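Read off the chains here:
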Amino acid sequence: MQQNHFLFTIFSLIGASHCLFLIAFLGRDYKNLTLSNKIFLGILFVYAVRMTKWIGLYLPSSLFIPYNNFCYSLQAILGPLIYFYTLSFTNESFAFRRKHVIYLAPLLILQFLAVNEEYAKWMQVMEAVVPCIALYWIIFIGLAIRMVLKNKLWLETAENFDKNWIRSFLLGNFFLAISYIIYLQFEENGQNLFAIAFMIISILSSLLYLHFQYDKPKTVVRNKKINPDIAVRLARDIDDLIDQKVFLDPELTMPKMAEMLNISTHMLSQNINNYYGQNFSDFINSHRLKYAARKLENSSELHVKIAVIAYESGFNSLSSFNSIFKKTYKITPSQYRAEAKSNIHLS
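### Focus on the overall build of the protein
Logical step 1: Helix and strand counts for the protein come out as 16 helices and zero strands.
Logical step 2: Expressed along its principal axes, the backbone C-alpha trace of the protein runs to roughly 95 × 45 × 35 Å.
Logical step 3: Within the protein, the proportion of its 347 residues that are buried is 46%.
Logical step 4: If you take every contact in the protein between residues at least 6 apart in sequence, the share linking residues at least 24 apart comes to 72%.
Logical step 5: For the protein, the accessible area works out to roughly 18,800 Å², and carbon and sulfur atoms hold 60% of it.

The structure is reproduced here in structure tokens:
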């Protein structure tokens, strides 16, 4: 048993040291890192801390449970972090929103779980909780794999070094999660398998990341033309969003719309420019104007103030609406409504 624990400690330390090496290496330029790389650093940190859980054996008894809770709470958010990393890696428009905080709730909940209980009671609680942590972990890995497989557009347009990296990353995490489940099943006999898997995967991940990501070209995607078939399919997806009237949202931005389509802002901008012959702002405003014009022509809405129609059409100021409307239709919204009203009377 002591020999098993010694080997487990050695394997864990080797794996954790590789995680810490990559954190130090990439963290030198932290301010300029993309969101996906920052999440990747978070994943490395979680792995490094979790694999040093045995340090709790050498801490004062009063700190044993809090330290173990800390390690388990970090492990509980591994799954969501892997999912968010995959999402941000395949969609540069992704940004964290308030709704995402719920996925990280275990970080706070487990930190205080049975912290004031005796060791025997704490162990009893954790025997029920730890399998749930493992399940939570592997579910999110499965969701991340499913997301990549369903993102046909990214798979068809991404560079090989990006596709090879994300496949390696997800596959490595999947095998590590499986080895952890085996560890839980066989306890002492399975802990070395988990430690060895962690050591091998952490070393391979470091090497593969440096190979596929660290020195990858920075401008390949920017200069790459969209395949005509993909452009048509993307235009169809954009038209679907327009049919859903997303332009009525005054806070709609290019990154926000790109996130809805699960593509990069550059690809969205390029497709709108090439396929519709407009920039993003003109494209969205053109649909807002058409929507506003129909409301101005509608006899049942003649009593509605023009300012109300402007805001309902997605414009966030009356002055900008008047300016853009006159530039497009060569008359003011009031004149447009008056002409529409006279046509109604004539008919």
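### Comments concerning empty space enclosed by the protein
Logical step 1: Within this structure, the stated rule accounts for one cavity of 30 Å³ or more.
Logical step 2: Size it by volume and the largest cavity reaches roughly 160 Å³.
Logical step 3: Lining the largest cavity are 16 residues; nearest its centre among them are Leu44, Tyr47, Ile201, Ser202 and Ser205.
Logical step 4: Those elements that provide at least two residues to the lining of the largest cavity are α1 (2-26), α2 (35-50), α8 (160-186) and α9 (188-214).
Logical step 5: Counted by class, the lining of the largest cavity contains nine nonpolar, seven polar and no charged residues.

### Focus on the pattern of salt bridges
Logical step 1: All told, the structure shown has five salt bridges when counted by the stated rule.
Logical step 2: A salt bridge links Lys295 to Glu301; the nearest nitrogen and oxygen atoms lie 3.0 Å apart.
Logical step 3: Assessed through its relative accessible area of 11%, Lys295 is described here as buried.
Logical step 4: Exposure remark for Glu301: the relative accessible area of 16% places this residue in the buried category.
Logical step 5: The salt bridge involving Glu312 is made with Lys295; its shortest N-O contact spans 3.4 Å. Linking Glu312 in helix α14 (residues 306-312) with Lys295 in helix α13 (residues 280-297), this pair joins segments that are 17 residues apart in sequence.
Logical step 6: Several salt bridges share partner residues, and in doing so they unite Lys295, Glu301 and Glu312 into one network.

### Side note on the packing of helix α10 (residues 228-243) against helix α11 (residues 254-261)
Logical step 1: Put simply, α10 and α11 touch, their axes get as near as 11 Å, and they point 110° apart. Classified by the angle their axes make, α10 and α11 are roughly perpendicular. Once α10 is placed against α11, the crossing between them reads as right-handed. Facing α10, whose interface residues are Leu234, Asp237, Ile238 and Leu241, α11 presents Met257, Met260 and Leu261.
Logical step 2: A breakdown of the residues in the contact of α10 with α11 according to their chemical character gives six nonpolar, no polar and one charged.

### With respect to the environment of Ala195
Logical step 1: If you trace the backbone, Ala195 turns up in helix α9.
Logical step 2: The exposure class assigned to Ala195 is buried, which follows from its relative accessible area of 0%.
Logical step 3: For the pair formed by Ala195 and Ala338, sequence separation is 143 residues and the distance between their alpha carbons is 77 Å.
Logical step 4: Residues contacting Ala195, with those up to four places away along its chain left out, are Phe8, Phe11, Ser12 and Met51.

### Examining unusual backbone geometry
Note on backbone geometry: most residues besides glycine have negative phi, and most peptide bonds are trans.
Logical step 1: A positive phi angle is found at Asn262, which is not glycine, with a value near 60°.
Logical step 2: By the element assignment, Asn262 lies in the loop between α11 and α12 (265-276).

### Focus on the packing of aromatic side chains
Logical step 1: Inspection of every chain in the model, using the stated rule, returns 36 aromatic pairs.
Logical step 2: The interplanar angle of 25° and the centroid separation of 5.9 Å between the aromatic rings of Phe21 and Phe25 together place this pair among those described as stacked. You can see Phe21 and its partner Phe25 sitting in helix α1, four residues apart, about one turn around the helix.
Logical step 3: Taking relative accessible area as the criterion, Phe21 reaches 42% and is therefore assigned partly exposed.
Logical step 4: For Phe25, a relative accessible area of 22% translates into the label partly exposed.
Logical step 5: Judged by centre distance (5.2 Å) and plane angle (75°), the rings of Phe84 and Phe96 are edge-to-face. Of this pair, Phe84 sits in helix α4 (residues 78-90) while Phe96 sits in the loop between α4 and α5 (106-109), placing them twelve residues apart in sequence.

### Some words on a negative patch on the surface
Logical step 1: A cluster of acidic residues, Asp237, Asp239, Asp240 and Asp243, forms a negative patch at the surface.
Logical step 2: Among the residues examined, Asp237 registers a relative accessible area of 33% and is labelled partly exposed.

### Here's the deal with helix α15 (residues 318-329)
Logical step 1: For α15, with twelve residues, the first-to-last C-alpha span of 16 Å sits near the 16 Å given by 1.5 Å per residue.
Logical step 2: Looking one or two places after α15, you find Lys330, whose phi comes out positive at around 70°.

### Some thoughts on a nonpolar patch on the surface
Logical step 1: A contiguous nonpolar patch, built from Ile196, Ile200, Leu204 and Leu207 and spanning about 340 Å² of accessible area, is present on the exposed surface.
Logical step 2: Residue class for Ile200 comes out partly exposed when judged on its relative accessible area of 43%.

### Regarding the side chain of His287
Logical step 1: Take His287: it is sitting in helix α13.
Logical step 2: With relative accessibility at 16%, the residue His287 sits in the buried group.
Logical step 3: Contact partners of His287, with chain neighbours within four places excluded, come to Ile242 and Phe247.

Procedures and definitions
Residues numbered from 1 in each chain as written. Predicted model: local features only at pLDDT ≥ 70, side-chain atom pairs only at ≥ 80, totals over all residues. Heavy atoms only, no water. Helix = DSSP H or I, 4+ residues; strand = E, 2+ residues; numbered from the N terminus. Buried < 20%, exposed > 50% of the residue type's maximum accessible area, 1.4 Å probe, protein only. Contact = heavy atoms within 4.5 Å. Areas by Shrake-Rupley, 256 points an atom, 1.4 Å probe, with all protein chains shown as cover. 1 Å grid on protein atoms, 1.4 Å probe; cavity = no way out; pocket = protein on both sides within 12 Å on 5 of 7 lines; lining within 4 Å. Points joined across faces, edges and corners; volume = space filled by probe spheres on them. Nonpolar A, V, L, I, M, F, W, Y, C, P; charged D, E, K, R; others polar. Salt bridge = Lys/Arg side-chain N within 4 Å of Asp/Glu carboxyl O. Axes fitted to C-alpha atoms, helices over the stretch in contact; angles between N-to-C directions. Parallel < 35°, antiparallel > 145°, perpendicular 65-115°, else oblique. Left-handed = near helix turned anticlockwise from the far one by under 90°. Phe/Tyr/Trp six-rings, centres within 6.5 Å; stacked < 30°, edge-to-face > 60°. Patch = residues over 30% accessible without salt bridge, like charges linked within 9 Å, V, L, I, M, F, W, Y side chains within 5 Å. Lys, Arg positive; Asp, Glu negative; His and termini not counted. Charge placed at Lys NZ, Arg CZ, Asp CG, Glu CD. Expected span 1.5 Å × (residues − 1).

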